[in-house]
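Each chain, written out:
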Amino acid sequence: MTQMVRKANAFDILNHWVLSISFLVLTISGFGFLFHLEQLNSLFGNFNNMKVVHNWGGVVFSVSLFFTLFSYLPEALSLSSDDIGWIVKGGGYFSKKAVIPPQGKLNTGQKLYYLFTLIFGITIAASGLIIWLLPGVRTWVLLSHLLHNLSFNLMVIAIPFHIYLGTLANPGTFRIMVYGTVPLEWAKKRHSKWVQKMGF
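Here's a quick rundown of the structure. (Residues numbered from 1 in each chain as written. Predicted model: local features only at pLDDT ≥ 70, side-chain atom pairs only at ≥ 80, totals over all residues. Heavy atoms only, no water.)

1. Observations concerning the side chain of D12
Working step 1: With respect to the secondary-structure elements, D12 resides in helix α1 (residues 10–35).
Working step 2: Of the side chains with opposite charge, K105 lies nearest to the buried D12, which makes no salt bridge, at 5.1 Å.
Working step 3: Polar contacts involving the side chain of D12 include one to the side chain of S71, which spans 2.6 Å.
Working step 4: Residues contacting D12, with those up to four places away along its chain left out, are S71, Y72 and M177. (Helix = DSSP H or I, 4+ residues; strand = E, 2+ residues; numbered from the N terminus. Buried < 20%, exposed > 50% of the residue type's maximum accessible area, 1.4 Å probe, protein only. Lys, Arg positive; Asp, Glu negative; His and termini not counted. Salt bridge = Lys/Arg side-chain N within 4 Å of Asp/Glu carboxyl O. Polar contact = N/O pair within 3.5 Å; in protein donor to acceptor, adjacent residues only side chain to side chain. Contact = heavy atoms within 4.5 Å.)

2. Remarks on the packing of aromatic side chains
The geometry of two aromatic rings is summed up by the distance between their centres and the angle between their planes.
Working step 1: For the coordinates displayed, the defined rule picks out 13 aromatic pairs.
Working step 2: Look at F31 and F152: their rings are 5.4 Å apart centre to centre, the planes differ by 70°, and that puts the pair in the edge-to-face class. One end of the pair, F31, is in helix α1; the other, F152, is in helix α6 (residues 138–165), with 121 residues separating them in the sequence.
Working step 3: Owing to a relative accessible area of 9%, F152 belongs among the buried residues under this scheme.
Working step 4: Measuring from centroid to centroid gives 5.4 Å for F66 and F70, while their planes differ by 85°, and the two rings are edge-to-face. Highlighted residues: F66 and F70, both in helix α3 (residues 47–77), separated by four residues, approximately one helical turn.
Working step 5: The partly exposed category is assigned to F66, whose relative accessible area is 45%. (Phe/Tyr/Trp six-rings, centres within 6.5 Å; stacked < 30°, edge-to-face > 60°.)

3. Describing the packing of helix α4 (residues 81–88) against helix α5 (residues 108–133)
Working step 1: The geometry of α4 relative to α5 is characterised by a closest axis approach of 9 Å and an angle of 95° between their N-to-C directions. The angle between α4 and α5 places the two elements in the roughly perpendicular class. In contact with D82, D83, W86 and I87 of α4, α5 contributes T108, G109, K111 and L112.
Working step 2: Among the residues making up the contact of α4 with α5, the classes are represented as three nonpolar, two polar and three charged. (Axes fitted to C-alpha atoms, helices over the stretch in contact; angles between N-to-C directions. Parallel < 35°, antiparallel > 145°, perpendicular 65-115°, else oblique. Nonpolar A, V, L, I, M, F, W, Y, C, P; charged D, E, K, R; others polar.)

4. As for the environment of G92
Working step 1: Inspection of the secondary structure puts G92 in the loop between α4 and α5.
Working step 2: Residue G92 is classed as partly exposed on the basis of its relative accessible area of 23%.
Working step 3: Put simply, G92 and E185 are 93 residues apart on the chain and 18 Å apart in space, counted from C-alpha to C-alpha.

5. So, the packing of α1 against α3
Working step 1: Where α1 contacts α3, the axes come no closer than 8 Å and their chain directions differ by 145°. The handedness of the crossing between α1 and α3 comes out as left-handed.
Working step 2: Partitioning the contact of α1 with α3 into residue classes produces 15 nonpolar, 11 polar and two charged. (Left-handed = near helix turned anticlockwise from the far one by under 90°.)

6. Details of the environment of L146
Working step 1: Turning to its location among the elements, L146 is positioned in helix α6.
Working step 2: Each C-alpha atom of the pair L146 and S127 lies 8.8 Å from the other, and the pair is 19 residues apart in sequence.

7. Quick notes on α4
An α-helix turns once every 3.6 residues. As a result, residues three or four positions apart point the same way.
Working step 1: Considered for burial, the residues of α4 that qualify are D83, G85 and W86. Seen along its axis, α4 keeps its buried residues to an arc of 160°; they face one direction. Residues S81, I84 and V88 are exposed on α4 and point more than 90 degrees away from its buried face.
Working step 2: In this fold, the buried residues of α4 make contact with α5. (Arc of directions from axis to C-beta.)

Limitation: the analysis is restricted to geometry and does not speak to function.
This is the structure:
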């Protein structure tokens, strides 16, 4: 029988899906705002409904993003020479012969993606709050619209890569966000420093 090791707890799994679904709702409604798409308008009933869903969806996204700080930030900030080696080798994605330095609970790519998500997620949340709560402060609102749209577009570009790398490019990774566990041998190959730290 295959020995399994837990890589994510129930809260991490739930919070990941809350973050993902809230961002999906924000993306759909955000495109409706950005391109004035009547089809999306009607999906929410009317423009005002879409605005309410977008605003409160942003609150859910922001709270969920805040909770990720406890799950991922310490690991994401623990950069070492092994991370530089991972970057130099392109994570092993460009050559099957590449020898990748041992990785912790998150590999270097996951660390960088999390920091990217955190930075631009905070930018989206903060600028969205200004647009929502301080509509009369014209200069701040104009700057916030610029930052909001720029951050949104960058995340919309990055997320499909995240989905691809977490599914097709790395079979076995997706189950972490469903069951929270992975086979021990799988973990040893991809996260050997973490497995060693866990005492396996």
